[in-house]
Amino acid sequence: MFLSGMELPIHARADDTQNTRTLRPSIWVTPADRESILAKIDTQPWARAQFDALKERTAAGVAAHRRDPQAYLNTLSWVGAAPGEHPTLPRIEDNMASTGRANAQTAMQSLLGHAVDCGVLFYLTGERDYAVVAADVLQAFVRALRGMPINLNPGNGGWIYFNDHLYEARAVGAQIPIVYDFIAAHVREPGVTVLDLATGRRVPFAYDDAQAVFRTYARLAVEHGMSDTNWPVLEMPSLTHNTLALDDPDERAHWLAYVTHVDAERQDPLAKIFHEFEEAEGVWPESIQYSSGVAGNVTYIVSLLRRQSPALALPHGFASIPRSMLRLRDFRFPNGEYVRFGDGPRRSSPPYRSLEMAYALAEREGDAEGMREFGGVLREAVEAGELNRGRLAGTLSGASVYLAPLDLLWFSPVYAVPPVAKPLPSVSDELPFAGLVLQRNLALDGNPAHGLMAAVSGAAYVHSHASGLALELYGAGAVLGPNAGKGRYTTDEHENHRRLFAAANTVIVNGAARSSGGWVNLGIDTVRPVTLEPAVGAAPVSPHHSFMVTAFRQDHGADAPAPQERLVGLVRTSPSTGFYVDVFRSRTQAGEENQFHDYLYRNLGEEVRLLGAEGPLSLVPHPDRFKPVPGSVWRRNDTFLYPGWHVFQNVKASRAVAGDVMAQFTTSALTPRPAVMRVYMAGEAGREYVTAMAPSVAEAPDGYNNKPVPVLAVRQKGEAWHRPFAVVYEPRFADATEGVETVAPLRAGGRFQGFTVRSRVDGEVRNHLILIPADPDAGYRDETLGLTFKGRYAVVTTADDGRVLDLYVGEGSALDYRGHSLRATGHATFAARVDLQGAKPVIESRVALEYKPAR
């Protein structure tokens with residue numbers, strides 16, 4: 001439904017003849033703030049640098065306007081109108097050619113951004129040339145908008161962006177009221193005129209048109225869009241700016257209520273947003289860039305409202321929101337790259353500008369703890385050369401609200417706190433809304449190349465992926481075992497592969513893993529931790545070991561309802577080496593003949609080679625191996641070509657193989673040192689091994705950008721719970737001469753019970769018994785080894801001569817090995833480590849423990 005901008009119903013507005021208009025400026029700053037800002041410019045080199053850069057940025061435009069105001073405004077191709085009518089703005093629609101859209105947007109945003117800058121400089125300097133430029137731009141925009149139809153489709157109808165108010169609210173809508181706020185006092189002066197594009201003459205400022213534009217943009221934000229996502233927060237700057245630009249106090253109160261506490265069908269207020277943060281344990285429940293962006297936007301809106309006179313009271317629950325931007329730093333690999341979940345990026349710059357706002361807000365509110373947290377991080381960044389406070393942010397572009405001048409206007413002159421170095425992250429951590437559980441073992445020397453980290457994730461949320469129980473592995477300074485990551489939105493590859501199960505390192509049941517419900521029909525179960533050692537935030541009992549078990553139910557799609565469980569253990573063998581243990585269990589309720597399971601793992605590199613007991617596995621082309629679920633179709637953001645593996649190329653498959661298999665991924669282009677990932681798989685009868693090339697990994701290291709990556713798929717017919725996929729992963733540098741030498745499964749009663757791993761480090765051999773009983777209650781017993789263990793996970797480390805060096809129990813009730821005995825006193829299970837390498841045993845445990853040494 002479309003209406004002319006002139007026909008949109010409006011609320012009552014202040015009488016233009018009365019002296020009741022709001023004192024301006026009042027949105028970003030007030031006249032009372034000017035003296036302190038000028039003092040900051042005079043005394044702080046960073047502020048002077050920003051001020052000078054702002055003047056330099058505007059100089060050419062001001063000069064061009066002074067020479068010929070009409071030619072300056074006509075850098076934007078206005079849409080012609082009938083004689084005497086004001087031209088309108090180019091209308092941007094979905095079917096518009098990309099070049100035309102880019103040109104129109106750039107021209108609009110260039111004028112609007114320049115007008116904001118000029119308004120700020122008029123406020124700071126009092127020089128009228130700046131006000132004249134800003135007023136002419138504002139007049140042209142508000143008069144043009146009033147002659148344009150509005151798309152009242154509540155889904156996302158806009159004004160200039162006819163089908164995309166979400167974009168328009170940021171690209172255009174948020175800027176227009178800021179320009180007005182800074183030059184309102186100027187255009188109210190008697191005799192002041194502005195350029196009219198309809199006639200080419202100078203006329204009084206179109207005050208009523210401006211107020212109607214603000215009213216309309218506020219209404220569009222409230223009545224259009226989508227709640228329960230980040231949309232309301234992205235639209236909130238436009239809603240708030242336009243509301244605060246209204247001069248009628250009753251109107252302001254009406255629309256501000258939608259910002260603070262009134263819950264509209266298509267616009268969430270701060271009260272609801274604060275609650276969402278609280279429900280998600282202090283982090284906005286979307287992928288990282290959206291979560292951080294929402295926290296930054298909310299911090300800005302809160303800062304804005306608290307700067308009003310008088311400061312607006314806010315709903316309870318804001319305190320944790322700016323802190324969430326610090327919390328997100330905990331979900332990074334040792335090289336600083338983020339764990340990938342949903343559409344989240346691998347790399348992202350710290351949100352320093354939002355943290356500056358948080359610090360300034362804490363300072364204004366007298367929040368000493370907030371000042372210490374945010375200011376300490378900022379000061380550390382400045383002293384480390386990571387943050388240059390004197391650099392003026394970029395110009396208005398894209399779907400961005402223009403806030404560059406706020407650095408100068410809002411940021412504190414100095415940080416009144418000492419720098420605070422970020423403490424080392426905990427070994428175990430989780431982000432519940434994302435189903436993310438991780439463990440890390442950082443190198444003692446701080447070298448990222450020597451760190452170990454594994455992350456498992458999977459859940460449904462806005463911008464999630466239907467990933468299943470997905471694993472990422474880090475080694476040799478890179479995320480060698482990544483999930484594929486996002487592609488370009490709306491594309492076939494993104495929707496039918498990157499957002500689906502086959503783009504993750506997971507297990508797919510019956511080739512039919514699906515999603516349904518939730519955000520764009522990508523609803524899946526949430527991965528949940530079953531047990532972790534250490535617990536989140538706790539210290540580990542061993543510097544060499546940790547483990548986690550996570551669970552998930554692949555229950556969308558009638559062909560594949562299946563409980564799944566994944567155990568991942570980290571084993572450090574030296575300050576620079578280590579390996580991972582991965583045991584994935586999966587089964588359906590169907591009989592053996594009615595189920596099969598595919599274990600998928602991709603790794604950066606050029607190729608993957610498979611080696612069985614008799615040498616390289618023989619593989620033959622199998623182009624029809626991976627097909628979409630029969631009957632599946634693609635409808636954008638609705639239905640997809642599950643499970644997403646139809647994009648695999650150069651597919652080759654082996655015959656059925658019962659024995660153990662080793663795979664090696666070669667990553668020769670990795671800098672500064674090439675790496676390999678060795679994959680040791682415990683064999684099971686009837687398994688088929690498949691290699692293929694998968695689409696490129698997003699944000700891959702140099703050498704692997706936009707290049708296909710090798711993927712290994714292992715198909716097991718029948719259940720995979722009592723016959724799990726049991727794997728040891730060893731990341732190592734390609735030129736390394738030491739590391740894991742052999743891996744063999746432990747079995748009892750025909751069932752997998754763990755591994756024996758032989759490794760060589762610094763010329764010495766170490767043997768690791770990795771104990772993972774098929775039934776933790778029944779345990780595992782091997783009389784030949786002199787071993788009995790009841791529990792879920794343990795590691796016994798011995799020297800080549802058989803001496804016991806280390807006993808680790810991640811979760812268990814009893815461990816006996818060659819006369820050494822561990823029992824908990826008064827506890828059903830325990831986690832403990834006994835170091836036997838010194839003169840006396842050293843025991844680490846969080847519960848009372850009984851240890852008996854061998855005699």
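Rules of the game
Residues numbered from 1 in each chain as written. Predicted model: local features only at pLDDT ≥ 70, side-chain atom pairs only at ≥ 80, totals over all residues. Heavy atoms only, no water. Phe/Tyr/Trp six-rings, centres within 6.5 Å; stacked < 30°, edge-to-face > 60°. Helix = DSSP H or I, 4+ residues; strand = E, 2+ residues; numbered from the N terminus. Lys NZ or Arg CZ within 6 Å of the ring centre and 35° of its normal. 1 Å grid on protein atoms, 1.4 Å probe; cavity = no way out; pocket = protein on both sides within 12 Å on 5 of 7 lines; lining within 4 Å. Points joined across faces, edges and corners; volume = space filled by probe spheres on them. Nonpolar A, V, L, I, M, F, W, Y, C, P; charged D, E, K, R; others polar. Axes fitted to C-alpha atoms, helices over the stretch in contact; angles between N-to-C directions. Parallel < 35°, antiparallel > 145°, perpendicular 65-115°, else oblique. Left-handed = near helix turned anticlockwise from the far one by under 90°. Contact = heavy atoms within 4.5 Å.

**Q** Got a minute to help me understand the packing of aromatic side chains in this structure?
**A** One pair of aromatic rings is described through two measures. These are the centre distance and the angle between the planes. Across all of its chains, the model carries 25 aromatic pairs by this definition. Plain terms: the ring middles of Y793 and Y808 are 6.3 Å apart, the flat faces sit at 75 degrees to each other, and that makes the pair edge-to-face. Placement of the pair is Y793 in strand β29 (residues 787–799) and Y808 in strand β30 (residues 804–817), with a sequence separation of 15 residues. Stacked on the ring of Y338, the Lys or Arg R332 has its end atom at 5.9 Å from the ring centre. It is R673 that lies over the ring of F733; its NZ or CZ is 3.8 Å from the centre.

**Q** I'm lost on the layout of surface pockets in this one. Help?
**A** Considered as a void within the structure, the second largest pocket measures approximately 1100 Å³ in volume. Surrounding the second largest pocket, 40 residues form its lining, R353, S354, S400, V401 and L403 being those nearest its centre. Elements represented by at least two residues in the lining of the second largest pocket include exactly α2 (45–67), α12 (288–306) and α14 (352–365). At 8 residues, the largest contribution of residues to the lining of the second largest pocket is made by α12. Across the lining of the second largest pocket, the residue classes break down as 18 nonpolar, 15 polar and 7 charged.

**Q** Can you help me understand the packing of α2 against helix α4 (residues 98–125) in this one?
**A** For any two helices packed against each other, one specifies the inter-axial angle together with the distance between the axes. Two elements in contact, α2 and α4, have axes whose closest approach is 10 Å; the angle formed by their N-to-C orientations is 120 degrees. Taken together, the axes of α2 and α4 lie oblique to each other. Helix-helix and strand crossings are classified by hand; for α2 and α4 the assignment is left-handed. Every residue of α4 that contacts α2 at F51, L54, K55, R57, T58, G61 and V62 is listed here: H114, D117, C118, V120, L121, L124 and T125. In terms of residue class, the contact of α2 with α4 is built from 7 nonpolar, 4 polar and 3 charged.

From the geometry alone we can't say anything about function, so treat these as descriptive.
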